[in-house]
Protein chains: 2
Amino acid sequence: MGIENGKIRIKDVAKKAGVSTGTVDRVLHNRGEVKEETRKKVIDIIREMGYTPNLIAKSLASKKLYRFAVIIPDANNYTPYWEKPLQGVLKAAEEIKDFNSIVDVHKFKGSDENSFRKVYAEVLKCNPDGVVFNPKHKKASLDFVKLMDEERIPYVYLDVDLASGNNIAFFGQNARQSGQAAARLISNIIPNGSEILIAKLAGKKLVSHHITLREKGFIDFFKNSNNCDCKFKSIDIDLSINTEPSLSLKKIFGEHHNIKAVFVPNSRVYRVAAFLKENNLQRTICLGYDLIQPNVEYLNLGVIDFLIGQKPEDQGFNSIMALFNHLVLQKKVNKLNYSQIDIIIKENIAYYNL
Amino acid sequence: MGIENGKIRIKDVAKKAGVSTGTVDRVLHNRGEVKEETRKKVIDIIREMGYTPNLIAKSLASKKLYRFAVIIPDANNYTPYWEKPLQGVLKAAEEIKDFNSIVDVHKFKGSDENSFRKVYAEVLKCNPDGVVFNPKHKKASLDFVKLMDEERIPYVYLDVDLASGNNIAFFGQNARQSGQAAARLISNIIPNGSEILIAKLAGKKLVSHHITLREKGFIDFFKNSNNCDCKFKSIDIDLSINTEPSLSLKKIFGEHHNIKAVFVPNSRVYRVAAFLKENNLQRTICLGYDLIQPNVEYLNLGVIDFLIGQKPEDQGFNSIMALFNHLVLQKKVNKLNYSQIDIIIKENIAYYNL
DNA sequence: AAAAAAGTCGTGTGCGCACACGCAAATATA
DNA sequence: TATATTTGCGTGTGCGCACACGACTTTTTT
């Protein structure tokens, strides 16, 4: 190391400037107590020698402990999905822990806005240096964001893009575009004039913005494509009713005999797959979202034909790293970060589902 | 920091073991000069307290400079592909440079075994601490590997798996499986009884093992699938003849009128796409490999229907990180690392081609 | 003019670890 | 028994940086 290796240290700058390391340090951190004249000189020499701080040493010497808070829905039987971003978050936590940075994970009940409000109040009390959160509850999230802006706490959106606020970054999928990709895959396969079922399965009647966008992209693709005149049948299925989704699906398939494909714009596609299998409808093309366990099983059985993936682990990981880069390393981070739209079939799933 | 923050330091271990930090250090580095009895005790306490070294401090204190060498084919007009792994390598280099680690990139002429031999001789002279290389030339690579084994230099295979040698890791695609994925995509679309053209375009008559495996996977899929009786026509096209590939393709399409799909098991698919476009054969399903620029263009034009990607940037990046993890962080690294088999269509390419 | 305050700047210490050095006890050699 | 040699271990220093402390100079106040 040292200057002979091309690495300029504070010491080298100080020597050349004819001052002490302390003075250079004060200049570097804008901590004042330096005569303007010497400050200028030091700055010049810093530039001239191309000094860049050694991040390793910087981190070791710094007593500042960075605390990052993560607020995401609790993974449960209905939404095992959120385990994946969590994995990524924890991996990031491991990776930055030697840089005086720790990550606290807070979970809220996905469907419950008040639960979210309660959690963010807790988080604010901890005075975090940065926050990653899932702004699925728009109103509450806007309130949260306002508070963080006041306290100048930087924050990152995960999975959903609030589209307003001073977030330093967003990580998630371009929902509309993913619907278009899904449409292309299906339109490749089914004959002209087929019917397509769009099945929106939700915990309650809550169909999220996300899902709407996916559907929109899906339908738009067919609209804009000249050689494909398929008919759509879009239905909402309330999974909190325990005869569902069987009830609704039976009815639909009974009434429409030309349904060649089912598009499920969220991760509950395995519920539809179960129905298809039980009723010997495996030849119906079935496409849904996310590589959660039951979906993967039906894909391997050949009941689900395609899954759209979005690397939720990476999203979780990158969210934390965005905060870290912004605050600790003071690197620039991209604001809009769309994940890949992964197309998963039986033959390539082994290399995604790690 | 310190123990009150849950961070166990050498000092803490030493105190609890009733020895000095020096002794703990000797135990940690297996540097001997410790009585077996105390060694045991220290080891136990390390485990008990869950000590993990602070990588930051470790790196700062270490005077050792790690040099990694990378040996890959030179990217040129025929194989722009190799720019991608290089990008990943350079990104990794940037990321580890504060950890006393530097990366030297050496290029050889892809088609020339002697060029490869010359380069590896140079590399060995530099006494690298680790090597990442592309063992496309089997014989020469085996010789190289032998020399490295003698010098106990760890090495990583990139893109091609030599299947012998003491490599610490391999990064690349499962070629056979990627052929299967390709087959599924095509078989979904084309009607039963169609003909499928398999066009192997190569610089000379050199068809690599890679390509053979992709073809094998492709054909096997159809064999094992019961409801698909397609006919295959497999041809080799020598691109060093400058009337190719037009000449061969014209002939084939003239003789076979039921070709519904073309499978090109490497990145030269854009040459076929150009032919299809010129001859108004866009309706033929066209599938090939790798997201190089001309391929991407034809995908966006709708001439190429699918591309199979393999994240070569990640492969390059991960190869270096494997060496780094192995040598510097002394973490375990997986030996066999198959990349994802990315399925790329017009609608999702924007999120892959960065 | 003396005392207080403010403005500048150098020095020293510690972050957690690696490693050189050297001391003391145990063992070997004479 | 005296003298080498080995074995086992503690101490000290430095990696590049952040920051506290104190010293010295200049300016302000009384």
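What you see as residue numbers is a count from 1 along each chain, following the sequence as written. Written order determines the labels here, with chains lettered from A and ligands numbered from 1. At least 70 in pLDDT is required for a residue's local features to be given in this predicted model, at least 80 for side-chain atom pairs to be given and counted, and no such filter applies to totals for whole chains, interfaces and linings, which use all residues. As a convention, hydrogens and water are excluded, and side-chain values are obtained from all of the structure's heavy atoms.

(A) Representation of the side chain of S248 of chain A. A run of DSSP states H or I qualifies as a helix once it reaches four residues; a run of E qualifies as a strand once it reaches two. Both are numbered from the N-terminal end. Along the polypeptide, S248 of chain A turns up in helix α10 (residues 246-255). Residue classification places S248 of chain A among the buried residues on the basis of a relative accessible area of 18%. Burial classes follow relative accessibility: with a 1.4 Å probe on protein chains only, a residue under 20% of its type's maximum area counts as buried, one over 50% as exposed, and anything between as partly exposed.

(B) Looking closely at the packing of aromatic side chains. Pairing of aromatic rings covers Phe, Tyr and Trp, the last counted by its six-membered ring, and requires centre-to-centre distances within 6.5 Å; plane angles under 30 degrees mean stacked, over 60 mean edge-to-face, and any other angle means tilted. With the rule as written, the count across this model stands at 42 aromatic pairs over all chains. Residues F108 of chain A and F116 of chain A carry aromatic rings whose centres are separated by 5.0 Å and whose planes lie at 65° to one another, so their mutual orientation is edge-to-face. Of the residues examined, F116 of chain A reaches a relative accessible area of 0% and is grouped as buried. Ring geometry for Y120 of chain B against F144 of chain B: centres 4.5 Å apart, planes inclined by 15°, an arrangement best described as stacked. Placement of Y120 of chain B in helix α6 (residues 113-125) and of F144 of chain B in helix α7 (residues 138-151) is noted, with a sequence separation of 24 residues between them. Site record: aromatic cluster; members linked through ring pairs are F108, F116, Y120, F133, F144, Y155 and Y157 of chain A. Geometry around Y66 of chain A places K64 of chain A over its ring, the cationic atom sitting 5.0 Å from the centre. The lysine or arginine in question, R214 of chain B, covers the ring of Y289 of chain B, its NZ or CZ lying 3.8 Å from the ring centre. Counting as a charge over the ring demands two things of the Lys NZ or Arg CZ atom: a distance within 6 Å of the ring centre and an angle within 35 degrees of the ring normal.

(C) Structural detail: the pattern of salt bridges. Within this document, salt bridges are pairs made up of a side-chain nitrogen of Lys or Arg and a carboxyl oxygen of Asp or Glu, the two lying within 4 Å of each other. Summed over the entire model, instances satisfying the criterion amount to 36 salt bridges over all chains. Between K200 of chain B and E215 of chain B there is a salt bridge, with its nearest N and O atoms 3.0 Å apart. Placement of the pair is K200 of chain B in strand β6 (residues 195-202) and E215 of chain B in helix α9 (residues 209-224), with a sequence separation of 15 residues. Pair check on accessibility: K200 of chain B and E215 of chain B agree, each one buried. K200 of chain B is the salt-bridge partner of D236 of chain B, the closest N and O atoms lying 4.0 Å from each other. One end of the pair, D236 of chain B, is in strand β7 (residues 231-238); the other, K200 of chain B, is in strand β6, and 36 residues separate them in sequence. Owing to a relative accessible area of 11%, K200 of chain B belongs among the buried residues under this scheme. The structure contains a network of salt bridges with shared partners spanning E36, R39 and K40 of chain A.

(D) Quick peek at the domain arrangement of chain A. Residue and element names in this part refer to chain A. Taken domain by domain, chain A comprises domain 1 (3-53), domain 2 (66-173 + 312-340) and domain 3 (175-309). Domain ranges listed in this record stem from an automatic or a database domain assignment. A straight line from the C-alpha centre of domain 2 to that of domain 3 covers 30 Å. Contacts between the two partners involve 11 residues from domain 2, matched on the other side by 13 residues from domain 3. A quick way to say it: buried area is the sum, across both parts, of accessible area lost when two parts are put together, with a 1.4 Å probe. Across the domain 2 to domain 3 interface the summed buried area is about 950 Å²; carbon plus sulfur atoms make up 52%. In the analysis that follows, any N or O atom pair within 3.5 Å is treated as a polar contact, provided that within protein one partner can donate a hydrogen and the other can accept it, and provided that, for residues neighboring in sequence, both atoms belong to side chains. Linking domain 2 with domain 3 are 4 residue pairs in polar contact (both at pLDDT 80 or more). Working rule for contacts: check all heavy atoms of both residues, and any pair within 4.5 Å makes them a contact.

(E) Layout of helix α5 (residues 83-96) of chain A. Residue and element names in this part refer to chain A. A helix is expected to reach a length of 1.5 Å times the quantity of its residues less one. The end-to-end C-alpha distance of α5 is 20 Å, a good match for the 20 Å that 14 residues give at a rise of 1.5 Å each. For α5, the full list of buried residues reads K84, P85, L86, G88, V89, A92, A93 and I96. For α5, the secondary structure elements touched by its buried residues are β1 (66-73), β2 (101-108), β4 (155-158) and α13 (312-327).

(F) Structural context of the protein's contact with DNA strand C. Any residue with a heavy atom positioned within 4 Å of a molecule or strand is treated as near that molecule or strand. Near DNA strand C there are 25 residues, and of these S20, T23 and K35 of chain A together with I10 and Y51 of chain B occur at the shortest range. Among atoms of DNA strand C positioned within 4 Å of the protein, sugar and phosphate together represent 65%. Contact between DNA strand C and A61 of chain A: a base oxygen at 3.4 Å from a main-chain N or O atom of the residue. At the level of secondary structure, the elements contributing two or more residues to the surface near DNA strand C comprise α2 (21-28) and α4 (55-61) of chain A together with α4 (55-61) of chain B. Grouping the amino acids of the surface near DNA strand C by side-chain chemistry returns 10 nonpolar, 8 polar and 7 charged. We call Asp, Glu, Lys and Arg charged. Ala, Val, Leu, Ile, Met, Phe, Trp, Tyr, Cys and Pro are nonpolar, and the rest, Gly among them, are polar.

(G) How the structure looks around the packing of helix α1 (residues 10-17) of chain A against helix α3 (residues 36-49) of chain A. All names here are of chain A. As a rule, the C-alpha atoms of each element are fitted with a line to give its axis, helices using only the stretch in contact, and angles between N-to-C directions run from 0 to 180 degrees. Relative orientation of the contacting elements α1 and α3 amounts to 125°, with a least axis distance of 10 Å. The angle between the axes of α1 and α3 places the two elements in the oblique class. Note on packing geometry: the crossing formed by α1 with α3 is right-handed. Where α1 approaches α3, its residues D12, V13, K16 and A17 are matched on the opposing element by K41, V42, I45, I46, E48 and M49. Oblique is the label for every angle not falling under 35 degrees (roughly parallel), over 145 degrees (roughly antiparallel), or within 65 to 115 degrees (roughly perpendicular). For any helix crossing, the convention is left-handed if the near helix is rotated counterclockwise from the far helix by under a right angle, and right-handed if that rotation is clockwise.

(H) Here's a closer look at the interface of chain A and chain B. Tallying the contact residues gives 35 residues for chain A and 37 residues for chain B. Between chain A and chain B the total buried area reaches about 3,400 Å² when both faces are included, carbon and sulfur atoms providing 60% of it. Of all residues in chain A, I56, E347 and Y351 of chain A bury the most surface against chain B, accounting for 22% of the area lost on that side. At the boundary of chain A with chain B, the tally comes to 2 salt bridges. The interface formed by chain A and chain B contains 14 residue pairs in polar contact (both at pLDDT 80 or more). Contributions of two or more residues to the side of chain A that touches chain B are made by α4, α8 (175-189) and β12 (342-344) of chain A. Per element, the largest residue contribution to the side of chain A that touches chain B is 7 residues, and it comes from α8 of chain A. Here the side of chain A that touches chain B is composed, by residue class, of 18 nonpolar, 9 polar and 8 charged.

(I) Spotlight on the relation of the copies chain A and chain B. Rotating chain A by 180° and translating it 0.7 Å along the rotation axis places it on chain B, where the RMSD comes to 1.1 Å. Here the symmetry operator amounts to a two-fold rotation axis. A shared binding surface is used by both copies, with 97% of the interface residues of chain A retained as interface residues in chain B. Superposing copies: least-squares fit, C-alpha atoms only, residues required to have pLDDT of at least 70 in both.

(J) Up close: the nonpolar core. For the purposes of this section, nonpolar cores are sets of buried Ala, Val, Leu, Ile, Met, Phe, Trp, Tyr and Cys residues that join through side-chain atoms within 4.5 Å. One finds F68 of chain A together with F68 of chain B to be the most contacted residues of the largest nonpolar core, which totals 88 residues. For F68 of chain A, the contacting residues outside a window of four places in its chain are I96, S101, I102, V103, D104, D129, G130, L323, F324, L327 and V328 of chain A. One finds I341 and Y351 of chain A together with I196 and F263 of chain B within the second-largest nonpolar core, a separate group that totals 48 residues.

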